[in-house]
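# Coordinates in review
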Amino acid sequence: MTRRTRFLLASTIVAGVLLAIPAVAGATVVFTPGAQEQFGVDEQGNPVDGAPDTEMSDAWEVFWATPEGQRIFTYLDLREDITITIDVLPADQVGDGTAYGTARITGRSDSGRPTSVDLKVRNERTGGEANLADTIWHEFRHAEIWVNGGDEDDHDDLDGEGSDLNERFRQDAERVAATTTTLDPDPPTPHYDRIMRAAGDSELQSSAWLLGDILEDLRDSISW
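These figures come from a predicted structure and were not determined experimentally. (Residues numbered from 1 in each chain as written. Predicted model: local features only at pLDDT ≥ 70, side-chain atom pairs only at ≥ 80, totals over all residues. Heavy atoms only, no water.)

What follows deals with the packing of aromatic side chains. Enumeration according to the criterion identifies twelve aromatic pairs in this entry. Considering the side-chain rings of Trp 64 and Phe 73, the 5.6 Å spacing of their centres and the 85 degrees angle between planes classify their relative orientation as edge-to-face. A relative accessible area of 5% places Trp 64 in the buried class. Among the aromatic residues, those joined into a ring-pair cluster are Phe 31, Phe 39, Trp 60, Phe 63, Trp 64, Phe 73, Trp 137, Phe 140 and Phe 169. (Phe/Tyr/Trp six-rings, centres within 6.5 Å; stacked < 30°, edge-to-face > 60°. Buried < 20%, exposed > 50% of the residue type's maximum accessible area, 1.4 Å probe, protein only.)

Following this line, the structure appears as structure tokens:
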């Protein structure tokens, strides 16, 4: 099974689970037209049949193919209290022109809690599939830290030596980008810890457990 096929299968299954969860009607993560075109997805991140196979679309597949990528995306997409918009732009429109990606809080509640976050990823001089996938994870991680009350400028939990989550993600992303064999079947990755925190009642919790099981089963049983 190719990575693209697995990406389509995993996305379809997870989308079905999300639709089955009550009170979570719409996607919280929204893709701009530019991101849709570059990543080969629709507004909610679902893969589009027949989309061109590019470095950007391959990098998004690498991001989604890792359990940590699925975890962080799904957790944020389950949040009803924040909207995260992801865009893909030329380098000179991302930060100061040298950043691979940026994340910015664009809206807050009366109490100061972030209610909207804009993520930007550059579409040139990306550093390759694995690095680009890591950029996507990095910007999503900013959003996750913020929605959980973390420091807006804190990078300690984002990169390399300072983040076990990032180390796991980068190892998985490099493996996915470099090989068509099955990934390590038992990594120490939390599959749905934060998803469970977002599940407020018994029905939501049951759906969250089901989602975690599906993500684990996909990782363990389907070859790339």
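Moving on: the pairing of strand E4 (residues 114–122). Taken together, the seven bridges between strand E2 (residues 83–89) and E4 define a ladder with parallel strand orientation. Paired with Thr 83 across the two strands is Ser 116, which belongs to E4. Sheet topology places strand E3 (residues 101–108) next to E4; seven bridges connect them, and they run antiparallel. The residue of E4 that forms the bridge with Arg 104 is Asp 118. Between E3 and E4, which follow one another and run antiparallel, lie five residues, and Gly 112 among them has a positive phi close to 95 degrees. (Pairing = 2+ DSSP bridges. Helix = DSSP H or I, 4+ residues; strand = E, 2+ residues; numbered from the N terminus.)

Here we take up the confidence of the model for the chain. For the chain, per-residue confidence averages 74 on the pLDDT scale, and 62% of positions sit at 70 or higher. Looking over the chain, one finds the lowest element-wise mean pLDDT in helix H1 (residues 3–20), namely 49, and the highest in E2, namely 96. Note on residues 180–192: pLDDT is under 50 here. Beyond four places in sequence and across chains, it has 31 contacts. (pLDDT = per-residue confidence, 0-100. Contact = heavy atoms within 4.5 Å.)

On to the sheet that holds E3, then. One open sheet accounts for four strands, arranged E1-E2-E4-E3; its pairing is mixed. Looking at which strands have only one partner, the edges of the open sheet turn out to be strand E1 (29–31) and E3. Direction aside, the axes of adjacent strands within the sheet are offset by 20 degrees on average. Helix-sheet contacts for helix H5 (residues 129–147) involve E1, E2, E3 and E4, and the interaxial angle to E4 is about 165 degrees. (Axes fitted to C-alpha atoms, helices over the stretch in contact; angles between N-to-C directions.)

Core analysis: the largest hydrophobic core is formed by 37 residues, its most contacted members being Phe 31, Phe 39, Trp 60, Phe 63, Leu 76, Ile 84 and Phe 140. At the level of secondary structure, the elements contributing two or more residues to this core comprise E1, helix H2 (33–39), helix H3 (55–65), helix H4 (67–78), E2, E4, H5 and helix H6 (164–178). At nine residues, the largest contribution of residues to this core is made by H5. Aside from chain neighbours lying at most four places away, what touches Phe 31 is Gln 36, Phe 39, Val 41, Asp 42, Glu 43, Gln 44, Gly 45, Trp 60, Phe 73 and Ile 86. (Core = buried A, V, L, I, M, F, W, Y, C linked by side-chain atoms within 4.5 Å.)

Let us now look at the side chain of Glu 139. Checked against the element boundaries, Glu 139 lands in helix H5. Despite being buried, Glu 139 has no salt bridge partner; Arg 122 is the closest side chain of opposite charge, sitting 10 Å away. Within the structure, Glu 139 has its side chain in polar contact with the backbone nitrogen of Ala 103 (distance 3.3 Å). Residue contacts for Glu 139: discarding those within four places in its chain leaves Gly 101, Thr 102, Ala 103, Leu 119 and Lys 120. (Lys, Arg positive; Asp, Glu negative; His and termini not counted. Salt bridge = Lys/Arg side-chain N within 4 Å of Asp/Glu carboxyl O. Polar contact = N/O pair within 3.5 Å; in protein donor to acceptor, adjacent residues only side chain to side chain.)

Moving on, we get to H4. Here H4 contains twelve residues, and its C-alpha end-to-end distance of 16 Å stays within 8% of the 16 Å for a straight helix at 1.5 Å per residue. Listed in full, the buried residues belonging to H4 are Pro 67, Glu 68, Gly 69, Gln 70, Arg 71, Ile 72, Phe 73, Thr 74, Tyr 75, Leu 76, Asp 77 and Leu 78. (Expected span 1.5 Å × (residues − 1).)

Attention shifts here to the packing of H3 against H6. One can describe the packing of H3 onto H6 by two numbers: an axis separation of 9 Å at closest approach and a directional angle of 125 degrees. With respect to each other, H3 and H6 are oriented oblique. Between H3 and H6 lies a crossing of right-handed hand. Contacts from Val 62, Phe 63 and Ala 65 in H3 reach Phe 169, Ala 173, Val 176 and Ala 177 in H6. Its residues placed into classes, the contact of H3 with H6 shows seven nonpolar, no polar and no charged. (Parallel < 35°, antiparallel > 145°, perpendicular 65-115°, else oblique. Left-handed = near helix turned anticlockwise from the far one by under 90°. Nonpolar A, V, L, I, M, F, W, Y, C, P; charged D, E, K, R; others polar.)

What follows is about the packing of H5 against H6. Running from amino to carboxyl end, H5 crosses H6 at an angle of 150 degrees, the nearest separation of the two axes being 9 Å. Considering their axes alone, H5 and H6 lie roughly antiparallel with respect to each other. The handedness of the crossing between H5 and H6 is right-handed. On H6, the residues that touch Glu 129, Ala 130, Ala 133, Asp 134, Trp 137 and Arg 141 of H5 are Leu 165, Asn 166, Phe 169, Arg 170, Ala 173, Glu 174 and Ala 177.

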